[in-house]
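# Analysis of the macromolecular model
Spelled out from the first residue to the last, the chains are:
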Amino acid sequence: MSIHLPSRLRWGAAFVATLSLALVVHILVVLAIPREVTHSAYTDAARFGPDRQFNLLPAVEAGAEPLPGLDPAMKHAACRYQLDDGPVLFTAAVPVPFWSIGLFNATGEVVYSLNNRTAGSDILSLLLITPQQLSILRENPPEDLDKLIVIETAATQGFALLRAFSPSPAKDLEVDLAMKTAFCGRFE
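Attention here is on the structure that accompanies the text. All residue numbers here refer to positions counted from 1 along the written sequence of the relevant chain. With pLDDT at 70 or above as the cut-off, local features in this predicted model cover only qualifying residues; side-chain atom pairs require 80 or more to be listed or tallied, and sums for whole chains, interfaces and linings still use all residues. Side-chain numbers come from the whole structure's heavy atoms, not from hydrogens or water.

### Digging into the overall build of the protein
The cut-off we apply is this: Only DSSP runs of H or I covering at least 4 residues are called helices, and only runs of E covering at least 2 are called strands; the numbering of each starts at the N terminus. Relative accessibility under 20% of the residue-type maximum defines a buried residue, over 50% an exposed one, and the middle range a partly exposed one, all with a 1.4 Å probe and only protein chains included.
Scanning the protein from N- to C-terminus turns up five helices and nine strands. Seen in sequence order, the protein has helices and strands lined up from the N terminus as α-α-β-β-β-β-β-α-β-α-β-β-α-β. Principal axes of the C-alpha set define a box for the protein whose edges measure 90 × 50 × 30 Å. Here the protein, with 188 residues, has 36% of them falling under the buried criterion.

Right, here's the structure in full:
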């Protein structure tokens, strides 16, 4: 015995089945994309210069951004690091009304963010360190440790993005020089 459904029900069932299949495919594609991406901001930052050094990024222009999501009103410098080589010290004195630094892990997620207003200083002094390295450092702390903002992270690879607002084109060269001379290196 066969059951004959009215035409409307067949079309409705076909529509629901198609919609369900499309939803499943969409969810699978969205979940698979992060695994299929062959590059990241971390790998892209390598093309601007050596690791453990701030490298000034080119100006942000529409369609030719050096890294995704950069603000065209800001100057940017990036520094890749690996904490397996030891803690990383970041210092800078950028003579502008606003600067910020963002620390990102290798997948591009923000680990920490700081600006001159929240730091309470125009000078950046930040130490990035793993929990194991911090334990060792606490055994014999350096004298100036209290002058540093110490950030503990389990992410051993990442990059720092130093951003500075240049208030006028006349100030651009001074800001560029300050960002090029910012320090991103081994803490001794």
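Following the structure, the description resumes.
### Some thoughts on the nonpolar core
Among soluble globular proteins, nonpolar side chains are generally buried collectively. The condition is simple: What is meant by a nonpolar core is a set of buried Ala, Val, Leu, Ile, Met, Phe, Trp, Tyr and Cys residues, joined one to another through side-chain atoms within 4.5 Å. Residue contacts follow a heavy-atom distance rule, with two residues in contact if any of their heavy atoms lie within 4.5 Å.
Among the nonpolar cores identified, the biggest contains 26 residues, and F54, F90, V94, I101, L103, L124 and L162 are the most heavily contacted of them. Elements supplying a minimum of two residues to this core: β2 (74-82), β3 (88-93), β4 (99-105), β6 (123-129), β8 (157-165) and α5 (172-180). Other than its neighbours up to four places away in sequence, F54 contacts A77, A78, C79, F90, I101, A160, L162, M179, K180, A182, F183 and C184. By size, the runner-up hydrophobic cluster in this structure holds 11 residues, among which are L57, V60, L67 and F159.

### Some points on the pattern of salt bridges
What counts, and what does not: By convention in these notes, a salt bridge is any Lys or Arg side-chain nitrogen within 4 Å of a carboxyl oxygen on Asp or Glu.
Inspection of the entire model under this criterion finds three salt bridges. With a shortest N-O distance of 2.9 Å, D51 and R80 are connected by a salt bridge. Taken together, the residues span a long stretch of sequence, with D51 in the loop between α2 (41-45) and β1 (55-56) and R80 in strand β2 at a distance of 29 residues. Here D51 falls in the partly exposed class, since its relative accessible area comes to 29%. Accessibility expressed as a relative area gives 14% for R80, which makes it buried. In this structure, K171 and E174 form a salt bridge, with 3.2 Å as the shortest nitrogen-oxygen distance. K171 gets classed as partly exposed once you look at its relative accessible area, which sits at 23%. The class of E174 is partly exposed, set by a relative accessible area of 40%.

### Considering the packing of aromatic side chains
In plain terms, the rule: The criterion for an aromatic pair is that two Phe, Tyr or Trp rings (for Trp, the six-membered ring) have centres within 6.5 Å, with stacked assigned to planes under 30 degrees apart, edge-to-face to planes over 60 apart and tilted to the rest.
One pass over the structure, following the stated rule, counts three aromatic pairs. Geometrically, the ring pair formed by F54 and F90 is tilted, given 6.1 Å between the ring centres and 55° between the ring planes. With F54 in the loop between α2 and β1 and F90 in strand β3, this pair connects stretches of sequence that are 36 residues apart. A relative accessible area of 3% means that F54 is categorised as buried.

### Focus on the sheet that holds β3
Stated precisely, the cut-off is as follows: Strands are labelled as partners when DSSP assigns at least two bridges between them. For helices, the fitted axis covers only the stretch in contact; all axes are lines through C-alpha atoms, and the angles between them, taken along N-to-C directions, range from 0 to 180 degrees.
The four strands are arranged β7-β6-β3-β9 in an open sheet whose pairing can be described as mixed. The two strands at the open ends of the sheet, each matched to only one other strand, are β7 (149-152) and β9 (183-186). Along the sheet, successive strands turn relative to each other by an average axial angle of 20°, direction set aside. With six bridges joining them, β3 and β6 adopt antiparallel strand pairing. Of the residues in β6, the one forming a bridge with V88 is L128.

### Quick word on the state of the cysteines
The condition is simple: Any two cysteine sulfur atoms lying within 2.5 Å of each other are counted as a disulfide.
Evaluation of the coordinates by the stated rule reveals one disulfide. Each disulfide pairs two cysteine sulfurs, and for C79 the partner residue is C184, the sulfurs being separated by 1.8 Å. Around the S-S axis, the bridge from C79 to C184 shows a dihedral of about -60° and counts as left-handed. Here the residue C79 occupies a position in strand β2, and C184 occupies one in strand β9, the gap between them amounting to 105 residues. An identical accessibility class is assigned to C79 and C184; each is buried.

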